[in-house]
Amino acid sequence: MRTFVYWFFPIVALIMLLWGSLFLYYPTAISGFEALEAFYGSHDELIQITILDLRLPRSLVAIVMGANLAVAGVLLQTITRNPLASPSLLSVNAGASLAMVTATAVIPAFFLGYSIAFIASVGGGLSWLLVMLISGGWRSSSDRHRVILAGIAVSLFCAALTKLVIIIAEDHAANILNWLAGGIAHTRWVEWWIILPFFLLSVMFCTFFAQQLNLLNLSDESAQSLGVDLFRLRWLANIVALLIIGSSVSIAGPMAFIGLLIPHLARYYIGYDLRKTLPMSMILGGSLMLLADITARAVTFPSEIPAGAILALIGAPIFVLFAKGKR
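Owing to the predicted nature of the structure, the values given are computational and were not obtained by experimental measurement.

How each quantity is defined
- For every chain, the first residue of its written sequence is number 1, and the numbers climb from 1 along that sequence.
- Given that the model is predicted, a residue must reach a pLDDT of at least 70 before its local features are reported, and side-chain atom pairs must reach 80 or more before they are shown or counted; all residues, however, enter totals for whole chains, interfaces and linings.
- Side-chain metrics in this entry use all non-hydrogen atoms of the structure; hydrogen atoms and water are not considered.
- Secondary structure follows DSSP: runs of H or I at least 4 residues long count as helices, runs of E at least 2 residues long count as strands, and numbering of each begins at the N terminus.
- We compute the radius of gyration from the C-alpha atoms alone; for a globule the expected value is 2.2 Å times N to the 0.38, where N is the number of residues.
- The buried label applies to any residue whose accessible area, calculated with a 1.4 Å probe on protein chains only, is under 20% of its type's maximum; exposed applies above 50%, and partly exposed to all values in between.
- Note on definitions: a residue-residue contact is assigned when non-hydrogen atoms from the two residues lie within 4.5 Å.
- Accessible areas in this description were obtained via Shrake-Rupley with a 1.4 Å probe; residue shielding takes into account the shown protein chains only.
- Here is the rule: rings of Phe, Tyr and Trp (six-membered ring for Trp) pair when centre to centre is within 6.5 Å. Planes less than 30 degrees apart are stacked, more than 60 are edge-to-face, and the remainder are tilted.
- Whether a charge sits over a ring comes down to the Lys NZ or Arg CZ being within 6 Å of the ring centre and within 35 degrees of the ring normal.
- What goes into a patch is any residue over 30% in relative accessible area without a salt bridge, connected to like charges within 9 Å or, for nonpolar side chains (Val, Leu, Ile, Met, Phe, Trp, Tyr), within 5 Å.
- For this analysis, a salt bridge means a side-chain nitrogen from Lys or Arg found within 4 Å of a carboxyl oxygen belonging to Asp or Glu.
- Whenever a helix is involved, its axis is fitted only over the stretch in contact; in every case the axis is a line through C-alpha atoms, and angles between N-to-C directions fall within 0 to 180 degrees.
- Angles below 35 degrees are treated as roughly parallel, those above 145 as roughly antiparallel, those between 65 and 115 as roughly perpendicular, and all remaining angles as oblique.
- Put simply, a crossing is left-handed when the front helix is turned counterclockwise from the back one by less than a right angle, and right-handed when it is turned clockwise.
- Classification convention: Asp, Glu, Lys, Arg as charged; Ala, Val, Leu, Ile, Met, Phe, Trp, Tyr, Cys, Pro as nonpolar; all other residues, Gly among them, as polar.
- Expected span of a helix: the number of residues minus one, times 1.5 Å.
- For this analysis, a nonpolar core means a set of buried residues of the types Ala, Val, Leu, Ile, Met, Phe, Trp, Tyr and Cys, connected via side-chain atoms within 4.5 Å.
- Lining residues are defined by having an atom within 4 Å of a point belonging to a cavity or pocket. Those points lie on a 1 Å grid over the protein atoms alone, cavities being sets where a 1.4 Å probe fits but cannot get out and pockets being open sets with protein on both sides within 12 Å along at least five of seven lines.
- Grid points are joined across faces, edges and corners, and a volume is the space filled by probe spheres set on the points.
- Here a polar contact is recorded for every N or O atom pair within 3.5 Å, except that within protein the pair must consist of a potential hydrogen donor and a potential acceptor, and residues adjacent in sequence are included only if both atoms are side-chain atoms.

Let's shift gears to the overall build of the protein chain. From N to C terminus, the protein chain includes 13 helices and zero strands. When its helices and strands are written in sequence order, the protein chain yields α-α-α-α-α-α-α-α-α-α-α-α-α. In terms of C-alpha radius of gyration, the protein chain reaches 20 Å, essentially the compact-globule figure of 20 Å for 327 residues. Dimensions along the principal axes, computed over C-alpha positions, put the protein chain at roughly 65 × 60 × 40 Å. Of all 327 residues assigned to the protein chain, the portion counted as buried reaches 51%. Considering only contacts in the protein chain between residues 6 or more positions apart, those separated by 24 or more positions represent 74%. As presented, the protein chain carries roughly 15,600 Å² of accessible surface, and 71% of it is formed by carbon and sulfur atoms.

Let us now look at the packing of aromatic side chains. Inspection of the entire model under this criterion finds seven aromatic pairs. Taken together, a centroid distance of 5.3 Å and an interplanar angle of 90° make the contact between Tyr6 and Tyr269 edge-to-face. A residue pair is termed long-range when its members are at least 10 positions apart, and Tyr6 in helix α1 (residues 2-21) and Tyr269 in helix α11 (residues 258-270) qualify at 263 residues. Assessed through its relative accessible area of 26%, Tyr6 is described here as partly exposed. Residue placement shows Arg55 over the ring face of Tyr26; its charged tip is 3.8 Å from the ring centre.

Another aspect to go through is the environment of Ala307. One can find Ala307 in helix α13 (residues 307-325). Residue classification places Ala307 among the buried residues on the basis of a relative accessible area of 3%. Taking C-alpha positions, Ala307 is 27 Å from Pro108, a pair spaced 199 residues apart along the chain. Look past the residues within four positions of Ala307 in its chain and what remains in contact with it is Gly182, Gly183, Met255, Met289, Ala292, Asp293 and Ala296.

Nonpolar side chains collect at one region of the surface, where Phe4, Val5, Phe8, Phe9, Val12, Met16, Trp19, Leu36 and Tyr269 lie side by side and expose about 800 Å² of accessible area between them. Looking at the element boundaries, Val5 is found in helix α1.

Right, let's get into the packing of helix α8 (residues 189-214) against helix α12 (residues 274-299). Close contact between α8 and α12 brings their axes to 8 Å; oriented N to C, the two are set at 155°. Accordingly, the angle class assigned to the pair α8 and α12 is roughly antiparallel. Here the hand of the crossing between α8 and α12 comes out right-handed. Taken together, the residues of α12 that come into contact with α8 (itself represented by Phe199, Ser202, Val203, Cys206, Ala210, Gln211, Leu213 and Asn214) are Leu274, Arg275, Leu278 and Met282. A per-class count over the contact of α8 with α12 returns eight nonpolar, three polar and one charged.

Quick look at helix α10 (residues 230-252) now. Taking 1.5 Å of rise per residue, 23 residues should cover 33 Å, and α10 covers 33 Å from first to last C-alpha, within 8% of that figure. With respect to burial, α10 is a largely interior element, 17 of its 23 residues being buried. Following α10 by one or two positions, Gly253 has its phi on the positive side, about 85°.

Ranked by size, the top nonpolar core spans 94 residues in total, and within it Met65, Trp128, Leu213, Met255, Ile258, Leu278 and Met289 carry the most contacts. Here this core takes 18 residues from helix α3 (residues 45-80), the largest share from any one element.

What follows is about the pattern of salt bridges. Per the counting criterion, the structure on display carries four salt bridges. The residue Glu304 makes a salt bridge to Arg58 at a minimum N-O spacing of 2.7 Å. Remark: Arg58 occurs in helix α3 and Glu304 occurs in the loop between α12 and α13; sequence separation between them is 246 residues. The residue Asp273 makes a salt bridge to Arg275 at a minimum N-O spacing of 2.8 Å. Within this structure, Arg58, Asp293, Arg297 and Glu304 form a network of salt bridges that share partners.

Right, let's talk about empty space enclosed by the protein for a bit. Across all of its chains, the model carries one cavity of 30 Å³ or more by this definition. Taken together, Leu69, Ser86, Pro87, Ser88, Asn93, Met255, Ala256, Phe257, Ile258, Gly259 and Leu260 make up the full set of residues lining the largest cavity. For the lining of the largest cavity, the class distribution of residues is seven nonpolar, four polar and no charged.

Following the sequence through the fold, His264 ends up in helix α11. A distance of 2.7 Å separates a polar atom in the side chain of His264 from the backbone oxygen of Pro83.

We now examine the environment of Leu177. Within the element layout of this structure, Leu177 appears in helix α7 (residues 173-181). Residue classification places Leu177 among the partly exposed residues on the basis of a relative accessible area of 49%.

The next subject is the environment of Ile79. Mapping Ile79 onto the fold places it in helix α3. Separated by 138 residues in the primary sequence, Ile79 and Asn217 have C-alpha atoms spaced 8.6 Å apart.

Okay, structure coming up:
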């Protein structure tokens, strides 16, 4: 019964946020009842098109993106054994953003034919590889705090290069800055079908490897004695994390705080067993992304601001309160 209650409230909250995201704070007023009616064949064709073709894919992309970034945060924190690890602090977001900006604004012909998600994943991967090389993060005896310091340094370097690219490609500056702010207002079914395979990849990986990932919380010697191939597991987790981060960045730009905050909230709420923490992180990550998107429309209604800015405003004080409570 207790387990049922633990899962019931987050799932209900996610469903309610999904419903609210279909009609709250849009210039075209549609009631909650009309939003539900659209799924059963509304008599008003305009309402049906608005809900099913414009608002529903936006909400679904928000859920999947939040879930992916939350899982990526859990994986990075588990791999590095560092509770501060996240896509933003470890420069994965910054590297993916730099690759995206360079590919679309400076030398688009060179990257013609390549998937945008693939380009972002490669950029994030190269940035993450540089962080691990600088910090010696693959050595079991390495200082885990050096990984964060190296990540911050590489993030600043990538951010500086991104600003340089914006100066060089000034014709694209407005679009680049808007994309870097992070937002999903433009997302439709095309973006949903792009990000869905990466979400399914993260679900499959978490399903089959959660038990082995639990053993990474032990020392390397203990994990190896229990039959875990640490090299293969860490590389698989790295690749999955980079792919799901790259797909999210390619669609909505760099989204901060989900990958840092949600894993802590999930562990605080349901425990440290990754068989529970990973799916709970997906639910909470999707809920936070939906909440940020609704709030982004509400703050300056009837216009809206980027959801990435709202995520920082929501995430920062919550994380500070959580950190104080852990003392």
